[in-house]
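Topology and contacts: notes
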Amino acid sequence: MPERSEPVYDPLEPGEGEAIAPTGQGGPMDLALDEAESLERGSSAASGGRALGDGSTGPGAGPQDKPRSLWSDAWHQLRRNPVFIISSLMILFLVIISIWPQLIASGDPLQCDLSKSQQGSSPGHPFGYDTQGCDVYTRTVYGARASITVGVCATLGAAFLGSLLGGLAGFFGGWGDALLSRVADIFFGIPVVLGGLVFLSVVTSTTVWPVVGFIVLLGWPQIARIGRGSVITAKQNDYVQAARALGAGNGRMMLRHVAPNAVAPVIVVATIALGTYIALEATLSFLGVGLRPPTVSWGIDISNAASQIRNAPHMLLWPAGALSLTVLAFIMLGDAVRDALDPKLR
C-alpha cells in the first residue's frame, strides 16, 4: 500500500486564514504583495469616499477632481461675485413687478384727478402726482412692464438674427461673408436716434412692437460681427479639424463643436446691450416717436415732467431713477457674465 505523500506547501496559494510574509529579497513574490496592498488601500479609500455620499473623497483618496467645463466654471465664479448677486436680485425684482405690478401698486396708472395736479407726497401716494393728477408711484411701477418687454424682446430678436447670420457667414466664408460685412457696415453708419425719428414717425401703432422691430433692425449687426469673429476663431481649433477629418458634416460641426464654443461672447454682448436697448426706448419715447399714450412708459413720464422740473421735480425724479437703476442692473450683470466667461480677465 503506497504511502500518502505530504502536501507540498506553495507560498503563492495560501490556505484559509494563512498570511503571506514578505521574503525581503525583492523578488516577484514581494512585488505581488506590494500590488495587492496597494489595491486593498485603493478599494478602502474608494469605499470611504462613497460612504461620505456628497462627492467628497475619503482620507486615503487622491486629490484629483473632475475638471469643470466652461459653463460650470463660469457659474462657479458667478455665485461668488457680489456684483452678479446684487444685479440678479434687482433684475428679478423688476421682472416680478413688470409681470404682476399689482403686488406693490394697487391703483390704476390711468386714473387721474386734475385737482391734485403736481401735488407732492401724501399718505398712500409717496411719490406725489404728475401734471394730469396721476399717481407717480403707480405709473412708475407699471412703467417697468413696457421697458422690460422692449428690452428683453429686442435683445432676443437681435441676438437670434445676429448670431444666425454672423455664425453662418463666419463658418462658410466666401461671398456670403463679404456681403454680410458690407450690409452690417451700412447699418453701422445709420445714427440710432435719427433712424428712430425717421422710421417710427410714420408708425401709428401704440404697442411696443414697432419699437422692438426698430431696435432689432439696428441692433443685429453688432451681434453678427461678434458672432462671426467668434465662429472664425472656434472653427480653427483642433477638435473641429479632427471632426472634419472623421467625416462630420457641416451641420454637425456647427451645432456640436463650433456653436457651443462660440456663443459665450454673444451672450456677454447681448446682456450688456439689453440695458442699452431699455435706455434707447426711453429716449425715443421722450422724443415722442417711441411708445405713446395710453401706454405707460418711463420715457413718456420723463417727457411730460421735463417742462415742470422746477415746479414739481418729483415728477422727473422717480421715473428717471427707476430707469437709471434698471439700466445699471443689466450693465452690471453683463460685466459679471463677461468676467466669468473670459478666462483672460481672471
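Rules and cut-offs
Residues numbered from 1 in each chain as written. Predicted model: local features only at pLDDT ≥ 70, side-chain atom pairs only at ≥ 80, totals over all residues. Heavy atoms only, no water. Salt bridge = Lys/Arg side-chain N within 4 Å of Asp/Glu carboxyl O. Helix = DSSP H or I, 4+ residues; strand = E, 2+ residues; numbered from the N terminus. Buried < 20%, exposed > 50% of the residue type's maximum accessible area, 1.4 Å probe, protein only. Contact = heavy atoms within 4.5 Å. pLDDT = per-residue confidence, 0-100.

**Details of the pattern of salt bridges**
- Throughout the structure, instances matching the rule amount to 6 salt bridges.
- Close ionic contact of arginine 228 with aspartate 177 constitutes a salt bridge, the shortest N to O distance being 2.5 Å. In this pair, arginine 228 is assigned in helix H7 (residues 209-234) and aspartate 177 in helix H5 (residues 174-188), connecting sequence segments 51 residues apart.
- Taking relative accessible area as the criterion, arginine 228 reaches 26% and is therefore assigned partly exposed.
- With a relative accessible area of 11%, aspartate 177 lands in the buried category.
- Three or more residues joined by partner-sharing salt bridges are found here, namely Arg182, Asp185 and Arg225.

**A few points about the environment of alanine 262**
- Within the element layout of this structure, alanine 262 appears in helix H9 (residues 250-286).
- A sequence separation of 95 residues divides alanine 262 from glycine 167, and the C-alpha atoms of the two residues are 8.7 Å apart.
- Every residue in contact with alanine 262, bar those within four places of it in the chain, is listed here: Ser230, Val231 and Ala234.

**Some points on the confidence of the model for the chain**
- Of the residues in the chain, 79% reach a pLDDT of 70 or more, and the chain-wide mean stands at 80.
- Ranking the helices and strands of the chain by mean pLDDT puts helix H3 (residues 82-99) first, with 94, and helix H1 (residues 28-52) last, with 47.
- The model gives residues 11-33 a pLDDT under 50, and that stretch makes 15 contacts with residues more than four places away or in other chains.
- Of the regions scoring below 50 in pLDDT, residues 42-63 engages in 9 contacts with residues more than four places distant in sequence or in other chains.

**Considering unusual backbone geometry**
- Omega for the bond connecting proline 293 with proline 294 falls within 30 degrees of zero, at 10°, which places this linkage in the cis form.
- Turning to its location among the elements, proline 294 is positioned in the loop between H9 and helix H10 (298-305).
- Positive phi outside glycine occurs at glutamine 118, with the angle close to 60°.
- As for its placement among the helices and strands, glutamine 118 is situated in the loop between H3 and helix H4 (136-172).

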